Amino acid sequence: MSGDLSSVCCKAIDDTKDSLNHLSAEIWSNPELAFQETHAHNVLTDFLENKGFQVERNYIKKTGFRAVYGSGDGEGVHVCVMCEYDALPSLGHAAGRNLSSEASVAAALGIQAAIKQQQKLGKVTVLGTPATEGGGGKLDMINEGCFDGIDFAMLAQPLNENIAAPVTLNILRVRVKYSGKAAHASTQPWEGKNALDAAVACYSNVALMRQQIKPTWKINGIITNGGLKPNIIPEETEMLFYLRAPEQTDLMFLQQRATACFVAAAKATGCEVNFEFLDKPYHNVVHNSVLANLYKKHAEAQGLQFSTDEEVLQSSTGSTDMGNVSHVIPCVYPAFDIKTQAPIHTQAFTEASSAPAAQQPVLQCAQAMAMTALEVMQQSQLMSDIRNEFETANDARTPVISGTNPFP
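Small disclaimer: the values here were computed from a predicted structure and weren't measured.

Okay, the packing of aromatic side chains next. One pass over the full model with this rule turns up seven aromatic pairs. Stacked on the ring of F35, the Lys or Arg K61 has its end atom at 5.5 Å from the ring centre. Between the NZ or CZ atom of R173 and the centre of the ring of Y242, over which it lies, the distance is 5.2 Å.

Given below as structure tokens:
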């Protein structure tokens, strides 16, 4: 790999670090929920346009965007780096997506600087993907063909460890509704059918089931509607569950087990149950090992130290629609340590996402992603190896399940 281009790549990121930090702070200070990320969309697209990217705003979704730099004649490698920028309810950026966007934009600037020196390297696309937190913005983009013509994609997630290829889980979301019969709770409760009892029984059934499922399988739920008033037997209640498992076959079995819990609660309380497995299930990330190894090599050269603890390396970091992208094109989705012991989805992680200590690892991660892309763009054999691994894995992959309910 050309040392001159490597230096150009890293210098472009270093020279922009103050502006990148400001960009991250703008997103962090204005947390927006899924599909409502107007401010983040605007500041990111303005920033990229000012840096010479051709920007399409409101791309596919109102808060989606695409920014491209480089030739469109098919020569070279087409690299995609993705931005995520939605926050969590009440917690703000407790997943650190302000830092994820900063890293992606910084990496794109590094790749852009190399392309300016050698246009034949190819082009870089920055894809703004809204609503990672349950909305599945990347799935909408997959369905619209946004990844057609892209050779590989990269995205990094803030965490409290450095992991080149973190484990993620398939996820299904299911909404469960119980219908009973209202009655006065103190004068004639025997006239009612208590939908809240059904919801409580369902929750208990699921809790008991956890004892007999694999430790890598996860099911979590809340009661989103528990009734109207204490003196009215609840006629309608509603719950929301997330089901997760490493493999599609495991998730299908967990889906059957959960369905039995839902139905049993209805039978025990005399209520009716209706459940709907929601559209946009997320799939596990299939990391391309060529890309992951390249990223790790360059990240270590930047000073990042990777965990060797097998328990850490095998633990799930959650679920993401990046997984769906990895079933369409080769991907790498590393995690980078933002210098905190706090777990994600906590107030402490929100605070860490804006701390000055997070800035150095963000830039190191960005440089590693840019250098990974640059090495692939300069060595055609690497791109061939990446494609071959993806095609082999794709042929052996279990067909993915949809969000519909196969167990009525």
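On to helix α6 (residues 195-209), then. Its 15 residues place the ends of α6 21 Å apart at the C-alpha level, agreeing with the 21 Å of an ideal helix rising 1.5 Å per residue. For α6, the full list of buried residues reads A195, A198, A199, C202, V206 and M209. Viewed along the axis of α6, the buried residues span an arc of 100°, placing them on a single side of the element. Turning to α6, the residues buried within the fold contact β7 (170-179), β8 (218-225), β9 (236-245) and α7 (248-269). With a side-chain oxygen lying 2.8 Å from the backbone nitrogen of L196, the N-terminal cap of α6 falls on N194.

We now examine the sheet that holds strand β3 (residues 77-83). Taking strand neighbours across the sheet as the criterion, the six strands line up as β1-β2-β4-β3-β5-β11 in an open arrangement whose pairing is mixed. Where the open sheet ends on each side, the last strands, each with one partner, are β1 (54-57) and β11 (331-332). Pairing between strand β2 (residues 65-70) and strand β4 (residues 122-128): six bridges, direction antiparallel. By the bridge assignment for β4, G70 is matched with K123. Of the strands in this sheet, β3, β4 and β5 (152-154) touch helix α12 (residues 359-378), which is tilted by about 165° from β5.

What follows deals with the nonpolar core. Core analysis: the largest hydrophobic core is formed by 68 residues, its most contacted members being F53, I111, V126, F152, M154 and Y295. Examining the composition of this core, we find that 12 residues originate from one element, α12, more than from any other. Core analysis: the next-biggest nonpolar cluster, separate from the first, contains 27 residues, Y178, I219, A258 and C271 among them.

Attention now moves to the side chain of H78. Position of H78 among the secondary structure elements: in strand β3. A polar contact of 3.2 Å, which involves the side chain of H78, links it to the backbone oxygen of G149. Excluding residues that lie within four positions of it along the chain, H78 makes contacts with K123, T125, G149, I150, D151 and F152.

Further remarks concern the pattern of salt bridges. Taken as a whole and assessed by the stated rule, the structure comprises 15 salt bridges. E56 is paired through a salt bridge with R66; the nearest N and O atoms lie 2.8 Å apart. Separated by 10 residues along the polypeptide, E56 in strand β1 and R66 in strand β2 bring together distant segments of the chain. On the basis of relative accessible area, E56 is assigned to the partly exposed category, the value being 35%.

In this model, N58 sits at a positive phi of 50°, which is unusual for a non-glycine residue. By secondary structure assignment, the location of N58 is in the loop between β1 and β2. Phi is positive for K280, close to 65°, though the residue is something other than glycine. Within the fold, K280 resides in the loop between β10 (272-277) and α8 (289-302).

Rules used throughout
- Residues numbered from 1 in each chain as written.
- Predicted model: local features only at pLDDT ≥ 70, side-chain atom pairs only at ≥ 80, totals over all residues.
- Heavy atoms only, no water.
- Phe/Tyr/Trp six-rings, centres within 6.5 Å; stacked < 30°, edge-to-face > 60°.
- Lys NZ or Arg CZ within 6 Å of the ring centre and 35° of its normal.
- Helix = DSSP H or I, 4+ residues; strand = E, 2+ residues; numbered from the N terminus.
- Expected span 1.5 Å × (residues − 1).
- Buried < 20%, exposed > 50% of the residue type's maximum accessible area, 1.4 Å probe, protein only.
- Arc of directions from axis to C-beta.
- Contact = heavy atoms within 4.5 Å.
- Polar contact = N/O pair within 3.5 Å; in protein donor to acceptor, adjacent residues only side chain to side chain.
- Pairing = 2+ DSSP bridges.
- Axes fitted to C-alpha atoms, helices over the stretch in contact; angles between N-to-C directions.
- Core = buried A, V, L, I, M, F, W, Y, C linked by side-chain atoms within 4.5 Å.
- Salt bridge = Lys/Arg side-chain N within 4 Å of Asp/Glu carboxyl O.

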